[in-house]
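Chain residues, written in single-letter form:
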Amino acid sequence: MNHLPKAAMLTCLVCLCFFNSFAQTKTTGSISGKVSNSGKEALDAAMISVVHLKDSTFRRNAMTDKNGAFEIRSLLIGDYKLYVSYFGFKEQVKHFSISKEQLQPKLDIHLDSLKIIGLQEVTVVGDAPPIKVKQDTVEFNAGSFKTKDGAVVEDLLKKLPGVEVEKDGTVKAHGERVTQVYVEGKPFFGNDPKIATKNLPANIVDKVQVIDEKSEQAKLSKVDDGERKKVVNLTLKADKKQGAFGNASLANGVTDFTNNRNRYEGNLNINRFTKKQQFSVLFMSNNTNKLGFSSGDLNDFAGTGGASSLSGDGAIYNYNSNTKKGSIDFNNVFGTEGNSGLNSSTAGGINYRNSFSKRFDFNASYFLSSITNGRQEKVVQTTTLENQSLFASNSTNGDSKSFNHQLNMNMEFRIDSTQTFKFRPSFGLKRNTSNSLFQFESIRDNQVRVNDGYQRGDQNSLTPTLDNYFNYNKQFKKPGRTFSVRIINRLSQNGANTYNDQLNNYQETGAFDLINQYKKQEITTSNHNLNLQYSEPIDKERSLAISYELNNRIDYSERNTYDFNDQSAQFDQFNPLFSINYRNRVTYNKYSTRLGVRKKNYNYSLGLGLQQIYLRGNSLTQDSVYKQNFVSIIPNAELNYQLSKKKTVSMRYGGRIAPPQFSNLQSVADNSNPLNVRLSNPDLKAEFISNGSISYGYNDIATGKNLNLGLYAGNTFNAISAKTTIDVATGKQTSRPENVNGNYYFSMFGYSYFPVKWGNTAIKSSIRPSVNAYFRRNVSFINGDKLASINITPFISTSFNFSFKELEFDVSCNLRYNKTTYENNVIKAVNYYSVNSAMSMSYSIPKIVSFSFDANQFNNPGYTSNKSSFMMLNASIYKEFLKGNRAKIALEGYDLLNQNTDVFRSITDNTIIDRQTNILRRYFMLNLTYRVSKFGAAPKKERSPFF
């Protein structure tokens, strides 16, 4: 099985040679010329597109150079139409022919200027060009890119130059990930692009617009801040403005033909939309480890991707003030933890959106899920000291169940043309139960046993949460003058009951720990955030922004611990040593100012902030009070420079302070794991984290080529690290947090996309090489000695994609190397590498049958597991039938070689951990899918989708 990389490369070369020879067997010609305005001045970067006259399908495109010249090669003999478009000028269409008598015709084209006001779009009557560039938008005419019957938008996107669709459905345009798909300029069922690309039929689309969308702040202030995100807008044909679509699938199968263990999957997706309304229902149930809705899916589907959040059991505020983005905390709400193990899950959701008027939009969604997980795990851990090593092995067997609810609403009021108000409340409820058995033993490198034992645990918990998000924006008459208010608050409560039965034997000393306890804990959290921001234009090129942010978090925790009473056979002996009752408060103030300057080819900003953090801790159990204050000046800067229409350079620098957690400051007794004792340090200082980056981007819209390079660096002053003492006689580790300096990192990345031309055939292919490298220095202390580890991780990958009519082929290979060394050679260096390769292919015989397969070879030499190298082979054969290929029946095989393995290695300081977990292996399924769609013109009067 280790020959897959060679086989993949050989197959790739055979395909290249075959299709290259095929492309060269026919006579080809070229079209060239110059484009200028009415004053005969050359027009740089005018878009040139060629369409075959017979079937109106797109053939080639190019852009003019600085002299207005262009040339399009490899055109077969025939008749063509040439489209010329340039923003602000009237489009032109020219006819030309390639013949044996004239293989290289030339055209001189003059465009007339249009009188336009601002950015108002000019409607051009007549043939639409295949590709048009309009400032920050590249527009594709869907009719010029042919797709098969029953094709969806994803199939259309695969045909467009410069657009990629990855295996998981992720869309990239010109090297950047598409974050959202709009339909007729409005969000389509939340923020998940896949809902539109995988469900909307391709034949209802008129235009595909790839847009570099400005930030919300730039839209509000009318002043461009240089921030962009890649989005796609689909404009629909006039008679397809409303409709309903969806699909349902049922599948059943077995893990092996020799037993009766069944596997099942069921999915339902129903969507209805009009110009103002969107209504959808999702449902899924399976026991094939498909966990349904991830946190990202839920944010996308519910349309909360632009909301800020206060998340985490500790109520950590994680709103990103740089990107102005966040999300409702769905983390593990739907049990999406536990990708390993064997999972059975059922989940469903409903989403409703309505634009009741031009001033009021409403969106509501509700989700629920139930997930059961069975997990078996084996871990081998090697801890290296200066003179010897400890080897620990453990196994875990456990089951967990979760049942969850999530209700979200999103309301936007446009008070008038200058004022908007947004309100996003959400409520969540999560119930978890789990039980596990953990068994372990440790030995030294001389094979002497150090310790062994077990831990049996049971836990149940209930966590309700309430989040609110308020945002008010005011745009004044003067362009660029704005004022905004943002208020976020979260209330949460976590109640947990835990039973802990544990035995630790220490072989050398003969001592042991025996624990049999019940703990009842309740944590109540309230977190409130206020942000005020005012921006004022100084002149046409400069603007000033002033902001203030206040965050106040209060945690109240009470834990009562009871020992087991042998006489009463009950947990009724109160243990005050491991019982706690405390109240903590964190108050955060930040005052910031930022100067922005925008020129024709570049923009930059300089900012300065004053950050204050006040910590107050009150232990009611120990009758103690803890206070600490942190103050720091935070600089930030950003520069974006456009070297040309194809090349950009960006540089950024920012900093922040991170206070220590109360768990590191306050002494709280905890015997949940006597082998790992954590102490506190009330003298900890706050960390100051600084990061800088420089990036380069090259994007050629005409050819589809793009290149992205980046270099990142960061340093942490007063980094909070661990000072660990390891008792080699017992295997116990005692760690205490300490501030250290000398922690820093460097990283770089490079990604490129090169289309491969194949003459005038309908082939689309590309090569996508990438490289990443990471360097990190980390300081800690082991048994009193300073340990400075240096980790270097380079990663190289390349992939080749090929599609020709009904054939799609992909091959990829990546190499990762990981090396950790220690300064002064205190500990022996550790290194390992992995080589992974993949190949996939799909082919359809029109109106007969289709098949596909994908093979992934994983090679991880050096892992402790004897299954560190394995192959995953999946295959399916399917038949589409009924009108418009609405139905599909498929026979699918997963992990045909029965080798699937979940192995993972991690290195931290002086410890190597190899982990292996049970995972779903070979099974076969018969799947029936039925897709429905109905579209028409928008009705004169819309009704509620519920009736």
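Relevant structure appears above.
Conventions and cut-offs
- Residues numbered from 1 in each chain as written.
- Predicted model: local features only at pLDDT ≥ 70, side-chain atom pairs only at ≥ 80, totals over all residues.
- Heavy atoms only, no water.
- Helix = DSSP H or I, 4+ residues; strand = E, 2+ residues; numbered from the N terminus.
- Buried < 20%, exposed > 50% of the residue type's maximum accessible area, 1.4 Å probe, protein only.
- Pairing = 2+ DSSP bridges.
- Axes fitted to C-alpha atoms, helices over the stretch in contact; angles between N-to-C directions.
- Phe/Tyr/Trp six-rings, centres within 6.5 Å; stacked < 30°, edge-to-face > 60°.
- Lys NZ or Arg CZ within 6 Å of the ring centre and 35° of its normal.
- Core = buried A, V, L, I, M, F, W, Y, C linked by side-chain atoms within 4.5 Å.
- Domains from an automatic or database assignment.
- Contact = heavy atoms within 4.5 Å.
- Salt bridge = Lys/Arg side-chain N within 4 Å of Asp/Glu carboxyl O.
- Patch = residues over 30% accessible without salt bridge, like charges linked within 9 Å, V, L, I, M, F, W, Y side chains within 5 Å.
- Areas by Shrake-Rupley, 256 points an atom, 1.4 Å probe, with all protein chains shown as cover.
- Lys, Arg positive; Asp, Glu negative; His and termini not counted.
- Charge placed at Lys NZ, Arg CZ, Asp CG, Glu CD.
- Polar contact = N/O pair within 3.5 Å; in protein donor to acceptor, adjacent residues only side chain to side chain.

**Q** So what exactly am I meant to see when it comes to the environment of E227 here?
**A** Mapped onto the elements, E227 comes out in the loop between α4 (216-221) and β15 (228-236). E227 gets classed as partly exposed once you look at its relative accessible area, which sits at 27%.

**Q** In this structure, what is going on with the sheet that holds strand β6 (residues 92-98)? I would like to understand it.
**A** Strands in a sheet are paired, the pairing made by backbone hydrogen bonds, and the direction either parallel or antiparallel. In space, the four strands of this open sheet follow the order β3-β2-β5-β6, with antiparallel pairing throughout. Each edge of the open sheet carries a strand with a single partner, namely β3 (58-63) and β6. Mean inter-strand twist for the sheet, computed between neighbouring axes without regard to direction, equals 25 degrees. Direction of pairing for strand β2 (residues 47-52) relative to β3: antiparallel, over a ladder of five bridges. By the bridge assignment for β3, M47 is matched with M63.

**Q** Help me out: how do you make sense of the packing of aromatic side chains in this one?
**A** Within this structure, the stated rule accounts for 31 aromatic pairs. Considering the side-chain rings of F564 and F571, the 5.1 Å spacing of their centres and the 65 degrees angle between planes classify their relative orientation as edge-to-face. Each residue in the set Y499, Y518, Y562, F564, F571 and F574 is aromatic and connected to the rest through ring pairs, giving one cluster. In this structure, K888 is placed above the aromatic ring of Y878, and the distance from its NZ or CZ to the ring centre is 4.8 Å. We note R905 situated over the ring of Y832; from NZ or CZ to the ring centre the distance is 5.1 Å.

**Q** It is not clear to me how the nonpolar core should be interpreted in this structure. Could you clarify?
**A** Generally speaking, soluble globular proteins have nonpolar side chains that are buried together. Ranked by size, the top nonpolar core spans 38 residues in total, and within it F140, L157, L200, V205, V208 and L234 carry the most contacts. The residues that make up this core include at least three from each of domain 1 (28-113 + 126-133) and domain 2 (136-238). In contact with L200, not counting residues within four places along its chain, are V152, V153, V183, F188, I195, L234, F245, F273 and F935. Ranked by size, the runner-up nonpolar core spans 19 residues in total, among them A46, A62, I109 and L111.

**Q** I tried to follow the sheet that holds strand β1 (residues 28-37) on my own but got confused; where do I start?
**A** Spatially, β4-β1-β7 is the arrangement adopted by the three strands of the open sheet, whose pairing is mixed. Each edge of the sheet is formed by a strand with only one pairing partner; in this case those strands are β4 (69-76) and β7 (106-111). Each strand of the sheet is rotated relative to its neighbour by a mean of 25 degrees, with strand direction disregarded.

**Q** It is not clear to me how unusual backbone geometry should be interpreted in this structure. Could you clarify?
**A** Only a minority of non-glycine residues have a phi that is not negative, and only a minority of peptide bonds are not trans. Phi angles above zero are rare outside glycine, and A569 is one such case at about 55 degrees. Judged by relative accessible area, A569 falls into the partly exposed class, the value being 46%. With a phi angle near 55 degrees, K805 is a residue other than glycine that sits in the positive phi range.

**Q** Sorry, what's going on with the pattern of salt bridges here?
**A** Side-chain pairs of opposite charge can arise where the charged atoms are in close proximity. For the structure shown, the criterion picks out 36 salt bridges. A salt bridge links D513 to K732; the shortest N-O distance between them is 4.0 Å. Residue D513 is found in strand β28 (residues 512-537), and its partner K732 is found in the loop between β38 (719-726) and β39 (733-740); the two are separated by 219 residues along the sequence. Salt bridges sharing partners connect three or more residues here, namely E91, K132 and E139.

**Q** For this particular structure, what's the right way to read the pairing of β1?
**A** Remember that side chains alternate between the two faces of the sheet whenever the strand is regular. Counting buried positions along β1 gives eight out of ten residues, so the element sits mostly inside the fold. Bridge count for β1 against β4 is six bridges, and the pairing is antiparallel. Its bridge partner lying in β4, G29 is registered against L75.

**Q** What am I meant to see in a positive patch on the surface here?
**A** The grouping of K186, K275, K276 and K358 at the surface amounts to a positive patch. Inspection of the secondary structure puts K276 in the loop between β17 (262-273) and β18 (277-286).

**Q** Would you take a moment to explain the side chain of N791 for this structure?
**A** Within the secondary structure, N791 sits in strand β43 (residues 785-804). Reaching out from N791, the side chain makes a polar contact with the side chain of T820 at a distance of 3.0 Å. With residues near it in sequence (within four places) discarded, N791 still touches Y774, F775, R776, N818, K819 and T820.

**Q** Could you clarify how one ought to interpret the environment of G453 in this entry?
**A** Note on placement: G453 falls in strand β26 (residues 449-475). On the accessibility criterion, G453 (16% relative accessible area) is buried. Ignoring anything within four residues of it in the chain, the contact list for G453 reads F438, Q439, F440 and L503.

**Q** Explanation requested: the environment of L160 in the structure shown.
**A** Residue position: L160 is located in the loop between α2 (153-159) and β10 (163-165). L160 sits 48 residues away from V208 along the chain, and the two C-alpha atoms are 9.3 Å apart. With residues up to four places along the chain from it excluded, the contact list for L160 reads F140, F145, V208 and K764.

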